[in-house]
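Coordinates in review
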Amino acid sequence: MIRLSAKSVENLKLASLYILSSSIVLRFDFLFGGANRFVPFRVLMLLTLFWFFVQFFEPFRPSRVSKATLFFLSIFLLYFSLAHLYWVDSMESLGPFLRNQFHFVYILAGYFLTNYLSTDLSKDQIQTLVKFIIGLVLTVVSLETSLRYLMPTLDLNSESTDYLIEIYTGAQQGLSLDTFYFFKMSSIMFFDSNYVGAFLLIFFALHLFVDYRSDLRRNIVSAIFLLLIFFTLSRAAIFVTGLWLAFNFWNSRSFIPKWVFAIICVMASIVTLFIIQDNVAFTDGSFITKIQILEGLSGFFEQDLPTALFGLGYEVGGYLYSYMSGGYAHIHLAILLGELGLIGTLIYFAYWYFIGIQSGSKVLYLFIPFFIVGLSLADPWEVGYFWASAIIARL
């Protein structure tokens, strides 16, 4: 019989939460052949198994599971079972079959395990954890940014000699509108720095709810976040950050009617679009591929019924609706419809709705950036968003 004090159980949960949270930040995909989930995936799976078994012992036993949670998990498991009956025919080995299952468990555990570990902790303990993680992420991303600009020809993810020569030639010209792509592909964290920008938005959202000792310290941390987001050169992340700043200004200036400020923002956006579209947007290969992916979603109506409803699974579904044969559809709606089908996509966003009901309106500070950035580039399986959704509710 295990006999542990309540304090010992609390300390074990807190230690597990620190390990889990740190693993989400330590994303050095260049060490693992481009697998940016390598560290958090394994840490999360091991912790999930550990806490699944120890919760059967009295000191660790959680409170009764809510009816809402059981209802959601029942729907999820029903879809999960039906989808695998269809996917199993297209899987040539056990590996792809298991990877499909584990990636569902991955995002479920990201929220539910974090919520379980943090429930009995005090607000001060959560605040201290988040400050530690913010310090860690700023340190790691500062290193990533420095290496990417000092050694733009590193390109840790490329095996093509011709592509490396192209990057080297472009980087020698210096940073400009014509060459900024060459300063995005040598990230030590993700495939390119666009993902780093989306990743930073998670911790920027948490930072907004942290209690700092002084406004000066808060402003310094905010400034570092803004600089790092800008230097990712991720236009989607920069755009979302700009929207947040505009919203914050709008919300704090009562002498400006909000409807007037909204009209000014809309007009400014339209004018900006007309100014830059001839120079950047419609001659920008990245922008064009995003349009082509969205256009490719029309292929959904050409699929057979099982594919339309259940998708093709994690292994190949991300290539179903894309800008070219063999190209990865890096927009979340295209990825989800290809991998999970219509039913799975609805359940995926129902999961977000469930989290919002459980965690409150603060989750919008995570979901809205995720949704906007996801129209350009996103990983719907990024566990950081689900981990942060459980954390932000406690701040």
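As a starting point, this report considers the structure included with it. The model shown is predicted, which means the values in this text are computed figures rather than measured ones. (Residues numbered from 1 in each chain as written. Predicted model: local features only at pLDDT ≥ 70, side-chain atom pairs only at ≥ 80, totals over all residues. Heavy atoms only, no water.)

What to know about the side chain of Arg-148
By the element assignment, Arg-148 lies in helix α5 (residues 123-150). Setting aside residues no more than four positions away along its own chain, Arg-148 makes contact with Phe-183, Lys-184, Ser-186, Ser-187, Ser-193, Phe-231 and Thr-232. (Helix = DSSP H or I, 4+ residues; strand = E, 2+ residues; numbered from the N terminus. Contact = heavy atoms within 4.5 Å.)

Description of helix α8 (residues 215-231)
For α8, spanning 17 residues, the distance from its first C-alpha to its last is 24 Å, which sits close to the expected 24 Å at 1.5 Å a residue. Inspection of α8 places Val-221, Ser-222, Phe-225, Leu-228 and Ile-229 among the buried residues, and these make up the whole buried set. Seen end-on, α8 carries its buried residues on one side only, within an arc spanning 130°. Among the exposed residues of α8, those pointing more than 90 degrees away from its buried face are Asp-215 and Leu-216. Remark: Leu-233 follows α8 within two positions and exhibits a positive phi of approximately 60°. (Expected span 1.5 Å × (residues − 1). Buried < 20%, exposed > 50% of the residue type's maximum accessible area, 1.4 Å probe, protein only. Arc of directions from axis to C-beta.)

Digging into a nonpolar patch on the surface
Together, Leu-227, Phe-230, Phe-231 and Ile-238 give the surface a local cluster of nonpolar side chains, amounting to about 350 Å² of exposed area. With three residues, the single largest contributor to the nonpolar patch is α8. As for its placement among the helices and strands, Ile-238 is situated in helix α9 (residues 235-252). (Patch = residues over 30% accessible without salt bridge, like charges linked within 9 Å, V, L, I, M, F, W, Y side chains within 5 Å. Areas by Shrake-Rupley, 256 points an atom, 1.4 Å probe, with all protein chains shown as cover. Salt bridge = Lys/Arg side-chain N within 4 Å of Asp/Glu carboxyl O.)

Structural notes on the pattern of salt bridges
All chains considered together, the criterion is met by five salt bridges. We note a salt bridge from Glu-10 to Lys-7, for which the minimum N-O separation is 3.2 Å. Remark: Lys-7 and Glu-10 occur in helix α1 (residues 6-25); sequence separation between them is three residues, near one turn of the helix.

What to know about empty space enclosed by the protein
For the structure on display, the rule yields one cavity of 30 Å³ or more. Of the volumes computed, that of the largest cavity is approximately 60 Å³. Lining the largest cavity we find Phe-72, Phe-76, Tyr-79, Phe-104, Ile-107, Leu-340, Gly-344, Ile-347, Tyr-348, Tyr-351 and Trp-381. Of all the secondary structure elements, the ones that give two or more residues to the lining of the largest cavity are α3 (67-87), α4 (94-118) and α13 (332-359). Broken down by element, the residue count for the lining of the largest cavity peaks at five residues, all from α13. For the lining of the largest cavity, the per-class residue count stands at ten nonpolar, one polar and no charged. (1 Å grid on protein atoms, 1.4 Å probe; cavity = no way out; pocket = protein on both sides within 12 Å on 5 of 7 lines; lining within 4 Å. Points joined across faces, edges and corners; volume = space filled by probe spheres on them. Nonpolar A, V, L, I, M, F, W, Y, C, P; charged D, E, K, R; others polar.)

Here's the deal with the packing of helix α14 (residues 364-374) against helix α15 (residues 383-392)
In the contact formed by α14 and α15, the axes pass within 9 Å of each other and the chain directions differ by 155°. When the interaxial angle is binned, α14 and α15 end up roughly antiparallel. Across the interface between the two elements, Tyr-365, Leu-366 and Phe-370 from α14 touch Tyr-385, Ala-388, Ser-389 and Ile-392 from α15. Looking at the contact of α14 with α15, its residues break down into six nonpolar, one polar and no charged. (Axes fitted to C-alpha atoms, helices over the stretch in contact; angles between N-to-C directions. Parallel < 35°, antiparallel > 145°, perpendicular 65-115°, else oblique.)

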